[in-house]
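An overview of the molecular structure
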Amino acid sequence: MDENMTHEPTDTTGPRRLTRTRDGRMITGVCSGIADYFNVDPTLVRIGAAVVTLLTSGAGILLYAAAVLLIPEEGRDVSIAQELINKQTNRG
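First things first, this report covers the structure right here in the doc. (Residues numbered from 1 in each chain as written. Predicted model: local features only at pLDDT ≥ 70, side-chain atom pairs only at ≥ 80, totals over all residues. Heavy atoms only, no water.)

1. Regarding a nonpolar patch on the surface
How we decide: Only residues whose relative accessible area exceeds 30% and that form no salt bridge enter a patch; like-charged residues are grouped when within 9 Å of one another, and nonpolar side chains (Val, Leu, Ile, Met, Phe, Trp, Tyr) when within 5 Å. Only the protein chains shown count as cover for residues, and the accessible areas themselves come from Shrake-Rupley with a 1.4 Å probe. Salt bridge criterion: a side-chain nitrogen from Lys or Arg within 4 Å of a carboxyl oxygen from Asp or Glu. Each helix is a run of H or I in the DSSP string that is no shorter than four residues. Each strand is a run of E no shorter than two, and both are numbered from the N terminus.
On the surface, L69, L70, I80 and L84 cluster together to form a nonpolar patch covering roughly 350 Å² of accessible area. Every element with two or more residues in the nonpolar patch is listed here: α3 (59–70) and α4 (80–91).

2. Some details on the environment of T28
This is how it is decided: A simple rule labels every residue: compare its accessible area, found with a 1.4 Å probe on the protein chains alone, to the largest value its type can have, and call it buried under 20%, exposed over 50%, or partly exposed in between. Polar contact is defined as a pair of N or O atoms within 3.5 Å, subject to the rule that within protein one atom must be able to donate a hydrogen and the other to accept it, and that residues adjacent in sequence are counted only when both atoms are side-chain atoms.
Among the secondary structure elements, T28 is positioned in the segment before α1 (30–38). Assessed through its relative accessible area of 16%, T28 is described here as buried. For the pair formed by T28 and Y64, sequence separation is 36 residues and the distance between their alpha carbons is 9.6 Å. Of the polar contacts made by the side chain of T28, one reaches the side chain of Y64; its length is 2.8 Å.

3. Considering the packing of α1 against helix α2 (residues 42–55)
Each pair of packed helices gets described by two things: the angle between the helix axes and the distance between those axes. Rule in force here: Axis definition: a line fitted to C-alpha atoms, over the contacting stretch in the case of helices. Angles run 0 to 180 degrees between N-to-C directions. Oblique is the label for every angle not falling under 35 degrees (roughly parallel), over 145 degrees (roughly antiparallel), or within 65 to 115 degrees (roughly perpendicular). By convention, the crossing between two helices is left-handed when the near helix turns anticlockwise from the far helix through less than a right angle, and right-handed when the turn is clockwise. Any two residues whose heavy atoms approach within 4.5 Å at even a single point are treated as in contact. We call Asp, Glu, Lys and Arg charged. Ala, Val, Leu, Ile, Met, Phe, Trp, Tyr, Cys and Pro are nonpolar, and the rest, Gly among them, are polar.
Relative to each other, α1 and α2 sit at 125°, their axes nearing to 8 Å. Comparing their axes, α2 and α1 come out oblique. In the crossing of α1 with α2, the sense of the turn from one axis to the other is right-handed. Residues C31, S32, I34 and A35 of α1 form the contact with α2, whose own contacting residues are P42, V45, R46 and A49. Grouping the constituent residues of the contact of α1 with α2 by class yields six nonpolar, one polar and one charged.

4. Observations concerning α1
For α1, the set of buried residues is V30, C31, S32, G33 and A35. Just downstream of α1 lies N39, where phi reads positive at about 60°.

5. Notes on the side chain of T21
Looking at the element boundaries, T21 is found in the segment before α1. A distance of 2.3 Å separates polar atoms of two side chains, one belonging to T21 and the other to S32. Non-local contacts of T21, meaning those with residues more than four positions away in its chain, are made with T28, G29, S32, G33, D36 and E74.

6. Here's the deal with the packing of aromatic side chains
Using the following cut-off: Stacked, tilted and edge-to-face are the three classes assigned to paired rings of Phe, Tyr and Trp, where Trp is represented by its six-membered ring and a pair needs centres within 6.5 Å; plane angles under 30 degrees give stacked, over 60 edge-to-face, the rest tilted. Any Lys NZ or Arg CZ that is within 6 Å of a ring centre and within 35 degrees of that ring's normal is treated as a charge sitting over the ring.
This model, assessed by the stated rule, comprises one aromatic pair. Summarising the aromatic geometry, the rings of Y37 and F38 are spaced 5.0 Å apart at their centres and angled 85° between planes, so their arrangement reads as edge-to-face. For Y37, a relative accessible area of 27% corresponds to the partly exposed category. The aromatic ring of Y37 is capped on one face by R16, whose charged end is 4.5 Å from the ring centroid.

Purely geometric numbers; function is a separate question.
What follows is the structure, given as structure tokens:
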């Protein structure tokens, strides 16, 4: 084994960020973004979301809508909700 090898991570770009992805999205990119963040197959996340929606009599739809508002889209710094809040506070 090479003595110069370290066990430190090579990625020094900072913490990962949860975003709604543009690639692989079916509707708004929530499930594909969550899948990308946790490094799992987006299909599994979509199935999980469908199961949660069925088991909670539709509450999964509200969770999905909240995720759309709170998770920023890939390449953007703020979420839709934060943009709306910023617009309201700048009106003042």
